[in-house]
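Take a look at the letters that make up each chain.
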Amino acid sequence: MTSTNKTLTLCRYGIRSSMLVEYVGPFNMSISPSAHVTASQTGDLILSLLNKAKVEGDGKKKKNRKIAIFSSPFLRACQTAHGIYKVLSPHFSLPPILVEPGITEWLDPSLVSTSNLQPDVKGEEYDGIPIDEDYEPHGDAKFPETVPELSTRLISTVTSLLNSYDDVIIVSHAPCLLSIARHYAPPSNPLNESALGGVYRFELVSPDKQEAVMTHNSYTLHLTEDLKPGIQRWDFPPPSCSYLLHISYPFIYLVTFLLLLPSILSPISDCDEVYNYYEPLKIGLLGEPAMMTWENSKEYAFRTYAMIEPSKLVLGATKIVAGIVGGEVLTGDIALILTTFTTSHHLNGSHTKAILTGMVATTCIAWPFVGILYVPLALDALYLGYKNCGFKGASKPITVALASFVALTGVTAIVDKVNYGVWTIPNLNIFIYNAIKGPEGMEGKTGDELYGVEPFGYYVKNLILNFGPAAIFIPLLPLVAILKRTIVRFTTPELTLLKVLTPLYIWIMVVGTRPHKEERFLYPVYHLIPIAAATTLWMGREICNINRLERIIPVKNSLYKLVWAAVAIAGVVTGWGRSYAIYKNYNAPIPLYTSLSRTLGPGTVVCTGNEWYRFPSSFFLGSQSLRFLKSGFGGQLPQPFGEDGSRGVPAQNFNDMNREEIERYDSIEVCDYVVAMEGEKEMEEAMKMRVGGGWVVEFEEIFLDKEESGLERIIRIPWLLDGGIWKGYRAYKWVEGGGD
């Protein structure tokens, strides 16, 4: 090259003010306070390069060169361009910032939605940015775009810009910068991934790519210490995977289907779900017999009807009555949904929405303990409010929290007054029972000690079973975070992720130290476990990419992607293997009661003993109610609701100590059908006591004998791990004068 006529500088913006979820958004967010510093530092770098430039060949003086800053229409790019402009404008004659649609974000369906293609730069959020409103664009973008179409659009636009200006400065997005850099980079000089605040720079003889020299390759050494390693690097996927970017909608539908399928097919996993929610739903919706627990009696009132009334209204309005009950409505499941929304809102900076969903979870599902999950996020909202707007900003989250708490508690209290017939607050009742006072007559003990005690390892095994390799990253994340912090400061996205992950560790400590443990107690933080795994891998990669560690821990991008893929595939295999095992091994009660429901007539009596806790709900019994036979279970059983539901006085006594109430049991003589497991000796002996006929197996489904089976009891992989020892889950019918 004998002379340099043109320079092309490509700049990526700094850290965003909120997390960006591809395709979901928010798309047009601003940059963070630290990113304004990044923009100034990039401006200082460009200023030094322009001052050092030696013009040869055409004789132009530096001061006569035509310099312009071009920006994508998105706010974060325009704000970064403004930061650069403020550094350069005192030294050079610059036009206002030129917003160029031809260098906008890659319009790929996996990144953006059709409703957020081009921001309006005349919006109030752009106030203060010097934008040339008379500028005539050199290019445009059309949705959707493939990688070749993106490259064609960008190169056409940039070539036109270089024909009009000597020094072109472009502020845009990683896919755009990489596409342009790929065009101009010499084959002998491989491109680095685009990092936040990174700069590519080329010296050219002419606007085409002939004799281009790359002087800066995603350069970040001009930035602060935490950004110098080059964070949030982005690159196009390898060609073998690029097709995935163009099947986003089918892919989303497929993932949604795969997530819903186990929920629809899985058996009802907890008797609390049936007796505390489905049963009162049935009597409230249909007025037919259903079973009542002590938690739903007005004496104790542990379950709020605010969880049940919405379902009753929807089902009643649509005239849909469940013949087969599927899905789950436990407090843990609803808490999981609401905490997921809260996390999403907090990541997007919508703190008011986060507070509202948190308050709904705390006040409306009668599980007040989940309130502790929102403490870290509430404190962060207070801090950010105070940081941005002083005491006025901090007072808004407090006002929203108090107002929503009062309103929701009031609505819940009214709903429960209608259903219990007395003023009561189930949230307060269950909190006192489980955390403060405990059952009557058992001083010094709390209620959760009555229903089984498990060691902390119970949760460890559950997490590994349900999340596979992702669970391993739960204890690893704090160690990786500490290591990262000892080397370099956290970036804003890393700090945000660590803050939203704090509830995961608080919740595990809270439920892990309680005597009674159930898998469903972990549901409220299930959504945080994959985030913890992804954050650990991300921060681990950032550590390995730090300049002074690269020679010690050389991690190639291909190896990193291989690790990601291995974790993802292992997670999918174990997750689906677990779901398949639960469905195949333990689904028998639902199809059996479905078959049984088709044969029931007026006055038919269905009984069960040890299998009372697998009863899938009275929706299967129509106008009949379930009866109980004496078996090996020694705790308190439900009883039928009275005509007034929870408002009435129970026909039999209830207690809060899980003490057996003998009057719950019926005689074998009243039973027309008995549901029992094959080989259940106590039930077989009870059935033999009836004379004048015999019992025949009317319906039978297979049920895994987990005591005799191997790994199939916890995970199944078709053709590899799909055996097991089975026994019958049976409905016996009494036949007068016959039978065995």
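Residues numbered from 1 in each chain as written. Predicted model: local features only at pLDDT ≥ 70, side-chain atom pairs only at ≥ 80, totals over all residues. Heavy atoms only, no water.

**Q** I'd like to hear about the overall build of the protein, residue by residue, with values.
**A** Along the protein, the regular secondary structure elements total 18 helices and 13 strands. Across the 740 residues in the protein, those meeting the buried criterion constitute 50%. Of all intrachain contacts in the protein linking residues separated by at least 6 positions in sequence, the fraction that spans at least 24 positions is 76%. As displayed, the protein has an accessible area near 34,000 Å², and 61% of this comes from carbon and sulfur atoms. (Helix = DSSP H or I, 4+ residues; strand = E, 2+ residues; numbered from the N terminus. Buried < 20%, exposed > 50% of the residue type's maximum accessible area, 1.4 Å probe, protein only. Contact = heavy atoms within 4.5 Å. Areas by Shrake-Rupley, 256 points an atom, 1.4 Å probe, with all protein chains shown as cover.)

**Q** Describe helix 4 (residues 174–184), listing the residues and the values that go with them.
**A** Counted residue by residue, helix 4 has nine buried out of 11 residues, so it is predominantly covered. Every buried residue of helix 4 is accounted for by Ala174, Pro175, Cys176, Leu177, Leu178, Ser179, Ile180, Ala181 and Tyr184. Of the surrounding elements, those touching the buried residues of helix 4 are strand 1 (6–12), helix 3 (147–164), strand 4 (167–172) and strand 5 (199–204).

**Q** Tell me about the sheet that holds strand 13 (residues 726–736), and please be specific about residues and values.
**A** A sheet is described by the order of its strands in space; here five strands give the open sequence 9-8-11-13-12, paired in mixed fashion. Only two strands of the sheet have a single neighbouring strand rather than two, namely strand 9 (626–628) and strand 12 (693–704). Going from strand to strand, the sheet's axes swing by 25 degrees on average, the running direction of each strand aside. The pairing of strand 12 with strand 13 spans 11 bridges and is antiparallel. Each bridged residue has a counterpart across the sheet, and for Val696 the counterpart in strand 13 is Lys733. Contacts from helix 17 (residues 589–597) reach strand 8 (606–608), strand 11 (673–677), strand 12 and strand 13 within the one sheet, and its direction differs from that of strand 12 by about 145 degrees. (Pairing = 2+ DSSP bridges. Axes fitted to C-alpha atoms, helices over the stretch in contact; angles between N-to-C directions.)

**Q** Go over the side chain of Asn585 with me, naming the residues and quoting the values.
**A** Examined against the element boundaries, Asn585 turns out to sit in helix 16 (residues 557–586). Take Asn585: its relative accessible area is 0%, and that puts it in the buried class. Of note is the side chain of Asn585, whose polar atom sits 2.7 Å from the backbone oxygen of Glu712. (Polar contact = N/O pair within 3.5 Å; in protein donor to acceptor, adjacent residues only side chain to side chain.)

**Q** Help me get a handle on the UniProt feature "transmembrane region" (unreviewed entry) in the protein, residues and values and all.
**A** Annotation from UniProt places "transmembrane region" (unreviewed entry) at residues 243–265, 365–386, 398–415, 463–483, 495–515, 521–539 and 559–577. Between the end C-alpha atoms of residues 398–415 there is a gap of 26 Å, over a span that is 100% helix and 0% strand. What you have in residues 521–539 is 63% helix and 0% strand, and the ends, taken at the C-alpha atoms, are 29 Å apart. (UniProt positions renumbered as here; feature names shortened; annotations may be inferred.)

**Q** Let's hear about the environment of Leu528: which residues, and what values?
**A** Following the sequence through the fold, Leu528 ends up in helix 15 (residues 528–545). Expressed as a C-alpha distance, the spacing of Leu528 and Leu497, which sit 31 residues apart in the sequence, is 9.9 Å. Those residues in contact with Leu528, other than ones at most four positions away along the chain, are Thr343, Val500, Leu501, Pro503 and Leu504.

**Q** Tell me about the nonpolar core, and name the residues and values.
**A** By size, the foremost hydrophobic cluster in this structure holds 87 residues, and its most contacted members are Tyr593, Leu596 and Val606. Aside from chain neighbours lying at most four places away, what touches Leu596 is Val606, Tyr673, Val675, Phe699 and Ala731. Counting residues in hydrophobic clusters, the runner-up holds 31 residues, among them Phe70, Leu154, Tyr165 and Phe202. (Core = buried A, V, L, I, M, F, W, Y, C linked by side-chain atoms within 4.5 Å.)

**Q** Can you tell me about the pattern of salt bridges, naming the residues and giving the values?
**A** Think of it this way: side chains of opposite charge can pair up when their charged atoms draw near. The full count for this structure, using the stated rule, is 19 salt bridges. With a closest N to O distance of 3.4 Å, Glu203 and Arg201 form a salt bridge. Here Glu203 falls in the partly exposed class, since its relative accessible area comes to 23%. The partner of Arg303 in a salt bridge is Glu295, and the shortest N-O contact between them spans 3.6 Å. Here the two residues Arg303 and Glu295 agree in accessibility, since each one is buried. Here the residues in one salt-bridge network are Asp272, Glu518 and Arg520, joined through shared partners. (Salt bridge = Lys/Arg side-chain N within 4 Å of Asp/Glu carboxyl O.)

**Q** Give a description of the packing of helix 1 (residues 33–52) against helix 2 (residues 75–88) that names residues and reports values.
**A** Orientation of helix 1 relative to helix 2, taken along the N-to-C sense of each, is 45 degrees, at an axis distance of 8 Å. The angle between the axes of helix 1 and helix 2 places the two elements in the oblique class. For the element pair helix 1 and helix 2, the recorded crossing hand is right-handed. Residues His36, Ala39, Ser40, Thr42, Gly43, Asp44, Ile46 and Leu47 of helix 1 form the contact with helix 2, whose participating residues are Gln79, Thr80, Gly83, Ile84, Val87 and Leu88. Considering only residue class, the contact of helix 1 with helix 2 consists of six nonpolar, seven polar and one charged. (Parallel < 35°, antiparallel > 145°, perpendicular 65-115°, else oblique. Left-handed = near helix turned anticlockwise from the far one by under 90°. Nonpolar A, V, L, I, M, F, W, Y, C, P; charged D, E, K, R; others polar.)

**Q** Tell me what's going on with the sheet that holds strand 3 (residues 98–99), and back it up with residues and numbers.
**A** Sheet architecture is open: six strands sit in the order 3-2-4-1-5-6, paired in mixed fashion. Both edges of this open sheet fall to strand 3 and strand 6 (213–219), since each of them pairs with a single strand only. Here six bridges tie strand 1 to strand 5, and the two strands are oriented antiparallel to one another. Pairing of Thr9 across the sheet is with Arg201, part of strand 5. On top of the sheet, helix 3 reaches strand 1, strand 2 (67–71) and strand 4; it is set at about 130 degrees to strand 1, its chief contact. Here helix 4 sits on the sheet in contact with strand 1, strand 4 and strand 5, set at roughly 150 degrees to strand 1.

**Q** Account for helix 1, naming residues and giving values.
**A** With 20 residues, helix 1 ought to run about 28 Å at 1.5 Å a step, and its terminal C-alpha atoms sit 30 Å apart, in line with that. Of all the residues in helix 1, the buried ones are Ala35, Thr38, Ala39, Gln41, Thr42, Gly43, Leu45, Ile46, Leu47, Leu49 and Leu50. The secondary structure elements touched by the buried residues of helix 1 are strand 1, strand 2, helix 2, strand 4, strand 5 and strand 6. (Expected span 1.5 Å × (residues − 1).)

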